[in-house]
Amino acid sequence: QAIPLGDVNGVGGIVFDSTYDKYEFDFINVIPATDSAQLLAQVTVSGTAQTSLYNYINRSQYSGQASPVNEGGLSTAAFSFHDSATNEGVSNVVAEGGTSGTLTVYGPSAQATSYAKFRWEFALMNGSVTSEAAITDGAGTWVSATGINGVQFKFSTGNVTSGTIHLYGIKN
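Positions within a chain are numbered from 1, following the residues in the order the chain's sequence is written. Totals for whole chains, interfaces and linings use every residue, but because this is a predicted model, local features are given only for residues with pLDDT of at least 70 and side-chain atom pairs only at 80 or more, for both listing and counting. Note that the side-chain values use all heavy atoms of the structure and ignore hydrogens as well as water.

Chemist: Help me out: how do you make sense of the nonpolar core in this one?
Modeler: In globular proteins that are soluble, nonpolar side chains generally tend to be buried together. Ranked by size, the top nonpolar core spans 30 residues in total, and within it Phe25, Phe27, Phe81, Leu103, Phe118, Ile148 and Phe153 carry the most contacts. Put simply, the parts of the chain that give this core at least two residues each are β3 (22-32), β4 (39-45), β8 (99-106), β9 (116-125), β10 (133-142), β11 (150-155) and β12 (160-170). Secondary structure elements are taken from DSSP: a helix is a run of H or I of four residues or more, a strand is a run of E of two residues or more, and numbering for both begins at the N terminus. The element best represented in this core is β9, accounting for five residues. The contact partners of Phe118, leaving out residues within four places of it in the chain, are Val43, Phe79, Leu103, Thr104, Val105, Gly138, Ala139, Gly140, Trp142 and Ile148. For our purposes a nonpolar core is just a set of buried Ala, Val, Leu, Ile, Met, Phe, Trp, Tyr and Cys residues, chained together by side-chain atoms within 4.5 Å. Buried, partly exposed and exposed residues are distinguished by accessible area as a fraction of the type maximum, computed with a 1.4 Å probe on protein chains only: under 20%, between the cut-offs, and over 50%, respectively. Two residues form a contact once any of their heavy atoms are found within 4.5 Å.

The structure is reproduced here in structure tokens:
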């Protein structure tokens, strides 16, 4: 059962604890200030965003690609939900609606003894190609047995102009 935990307002951090087995974020029309920016997520440990270049691994499929793209490998400092390999990101045109989708975080508890897993699916209007709708889906792992206790979202450049992010806690 999904328990609504509130909206993400960008002011406070999202804190995970052992109350829920997984957390789900619903993104609705999240728009970047800068055209073609990628939506990113960084995990937090003890309230500090983790920027290590060796702990984020993610793989995603972007519409129009014949095969998945290894977006993260072991060389990024965040999960990228959009196609940074070809620099295709989210449109900042309000009428195009930015990006909408879902991110699920499995096993993030600060008491975790195994890697936290992430799964996402987004729809967007591509900022680098006029009027091109796109989808992206993927998965990632935070490669550390140290439990994460939060996550922060940002765009690769610029701020978040508008949009809503709802947070739900889910118990098995």
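Chemist: Which parts of the structure should I look at to understand the side chain of Thr44?
Modeler: Within the secondary structure layout, Thr44 lies in strand β4. Exposure remark for Thr44: the relative accessible area of 9% places this residue in the buried category. Apart from residues lying up to four places away in sequence, Thr44 is in contact with Ala49, Ile148, Asn149, Gly150 and Val151.

Chemist: Sorry if this is basic, but what is going on with the environment of Gln42 here?
Modeler: Structurally, Gln42 is set in strand β4. Accessibility expressed as a relative area gives 5% for Gln42, which makes it buried. Taking the C-alpha atoms as reference points, Gln42 and Ser52, 10 residues apart in sequence, are found 9.8 Å from one another. Apart from the residues within four sequence positions on either side, Gln42 is in contact with Ala49, Gln50, Thr51, Tyr56, Ala77, Ala78, Gly150, Val151, Gln152 and Lys154. Polar contacts, as used here, are pairs of N or O atoms within 3.5 Å; protein pairs need one atom able to donate a hydrogen and one able to accept it. Residues neighboring in sequence count only if both atoms are side-chain atoms. There is a polar contact of 3.0 Å between the side chain of Gln42 and the backbone oxygen of Ala77.

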